Amino acid sequence: MAAITEEIKIPEGIEVKLIGKTVEVSGQKGKLVRTFDVRGIELRQGADVIVVEAAPLHREQRAAIGMVRSHLNNMFKGVKEGFVYKLRVVYAHFPITVKVEGKRVLVQNFLGERSPRAAEVVGGSSVRVEGDEIIVEGVNKEEVGQTAVNIEQATSVKYRDRRTFQDGIYIISRE
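All values reported here derive from a predicted model rather than from experimental measurement.

**Student:** Got a minute to help me understand the overall build of the protein in this structure?
**Tutor:** Helix and strand counts for the protein stand at two helices and 13 strands. Its C-alpha atoms give the protein a radius of gyration of 21 Å, clearly above 16 Å, the size a compact globule of 175 residues would have. With the C-alpha coordinates of the protein rotated into their principal frame, the extents come out at 65 × 35 × 20 Å. Taken across its 175 residues, the protein has 37% of its residues classed as buried. At a minimum sequence separation of 6, the contacts of the protein that also span at least 24 residues come to 58%. Summed over all atoms, the accessible surface of the protein reaches about 10,300 Å², with 47% contributed by carbon and sulfur. Between the mean site of the 27 positive side-chain charges and the mean site of the 24 negative ones, the protein shows a separation of 4 Å.

**Student:** What is the right way to look at helix α1 (residues 59-80) in this model?
**Tutor:** Working note: α-helix, 3.6 residues per turn, so residues spaced by three or four point in the same direction. Helix length check: α1 (22 residues) gives 32 Å between terminal C-alpha atoms against 32 Å at 1.5 Å per residue, within 8%. Considered for burial, the residues of α1 that qualify are Gln61, Ala64, Ile65, Gly66, Val68, His71, Leu72, Met75, Phe76, Gly78 and Val79. Just beyond α1, the residue with positive phi is Gly82, at close to 90 degrees.

**Student:** Would you mind showing me how to read the side chain of Thr147 here?
**Tutor:** Among the structural elements, Thr147 can be located in helix α2 (residues 141-154). Those residues in contact with Thr147 that lie beyond four places of it in its chain are Glu120, Val121, Val122, Ser125, Val127 and Val136.

**Student:** Would you take a moment to explain the packing of aromatic side chains for this structure?
**Tutor:** Between two aromatic rings, the relevant description is the distance of the centres plus the angle of the planes. Under the counting rule described, the total for this entry stands at zero aromatic pairs. The ring of Phe165 carries Arg160 above its face, with NZ or CZ at 5.4 Å from the centroid.

**Student:** Even after reading the chapter, I still don't get the sheet that holds strand β4 (residues 31-35), so can you show me in this structure?
**Tutor:** Strand pairs in the sheet, formed through backbone hydrogen bonds, run parallel or antiparallel to each other. One open sheet accounts for three strands, arranged β2-β3-β4; its pairing is antiparallel. Sheet topology places β2 (15-19) and β4 at the edges, where each strand pairs with a single neighbour. Neighbouring strand axes in the sheet, compared pairwise and without regard to direction, differ in orientation by 15 degrees on average. Where strand β3 (residues 22-26) and β4 come together, five bridges link them in antiparallel fashion. Bridging from a neighbouring strand, Val25 pairs with Leu32 of β4.

**Student:** Looking at this model, I keep getting lost on the pattern of salt bridges. Mind explaining?
**Tutor:** Should the charged atoms of two oppositely charged side chains come close, the side chains can pair. Under the criterion given, the structure shown has 13 salt bridges. In this structure, the salt-bridge partner of Lys9 is Asp48, at a minimum N-O distance of 4.0 Å. Of this pair, Lys9 sits in strand β1 (residues 4-9) while Asp48 sits in the loop between β5 (41-45) and β6 (49-54), placing them 39 residues apart in sequence. Classification of Lys9 by relative accessible area gives exposed; the value is 57%. The residue Glu142 makes a salt bridge to Arg34 at a minimum N-O spacing of 3.3 Å. Highlighted residues: Glu142 in helix α2 and Arg34 in strand β4, separated in sequence by 108 residues.

Each value, and the rule that gives it
Residues numbered from 1 in each chain as written. Predicted model: local features only at pLDDT ≥ 70, side-chain atom pairs only at ≥ 80, totals over all residues. Heavy atoms only, no water. Helix = DSSP H or I, 4+ residues; strand = E, 2+ residues; numbered from the N terminus. Rg over C-alpha atoms; globule rule 2.2 N^0.38 Å. Buried < 20%, exposed > 50% of the residue type's maximum accessible area, 1.4 Å probe, protein only. Contact = heavy atoms within 4.5 Å. Areas by Shrake-Rupley, 256 points an atom, 1.4 Å probe, with all protein chains shown as cover. Lys, Arg positive; Asp, Glu negative; His and termini not counted. Charge placed at Lys NZ, Arg CZ, Asp CG, Glu CD. Expected span 1.5 Å × (residues − 1). Phe/Tyr/Trp six-rings, centres within 6.5 Å; stacked < 30°, edge-to-face > 60°. Lys NZ or Arg CZ within 6 Å of the ring centre and 35° of its normal. Pairing = 2+ DSSP bridges. Axes fitted to C-alpha atoms, helices over the stretch in contact; angles between N-to-C directions. Salt bridge = Lys/Arg side-chain N within 4 Å of Asp/Glu carboxyl O.

Keep in mind these numbers describe shape, not what the thing actually does.
Encoded structure:
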């Protein structure tokens, strides 16, 4: 069986260090480190490319090469441009107040509840509130996405009719 290789081009303005299976990507927005510990996959660094190679041509290795390519492209985009998720605060019954306190986002007065609901800010993501919009930013796509989902799920409505009680915080855009 033939080996399958794929070359992933390193964009300009991004510095990459490869030590074993650990890739360190740095750019103008920050630095990301990730270890690709996948059996059967080898990583090599060229002048302006990263070569991903799998010796046996099996379905798992082919899928792993695609996974490594996607993660590297996300790392390149993150350190160059960053990721931004926007959420909108929607309420009809009680006005919702959102505050950021350290690594937690507090949602107060949700459906008239006395105790605030809390959502965790994951990793190096930053959260800011502008009126009825919440903006989550960061260089790691997974951390930014998980933070946005944590905020959205903190305001899930239970034991009520979802058609009537549409209050909550919802993701409206991902960039």
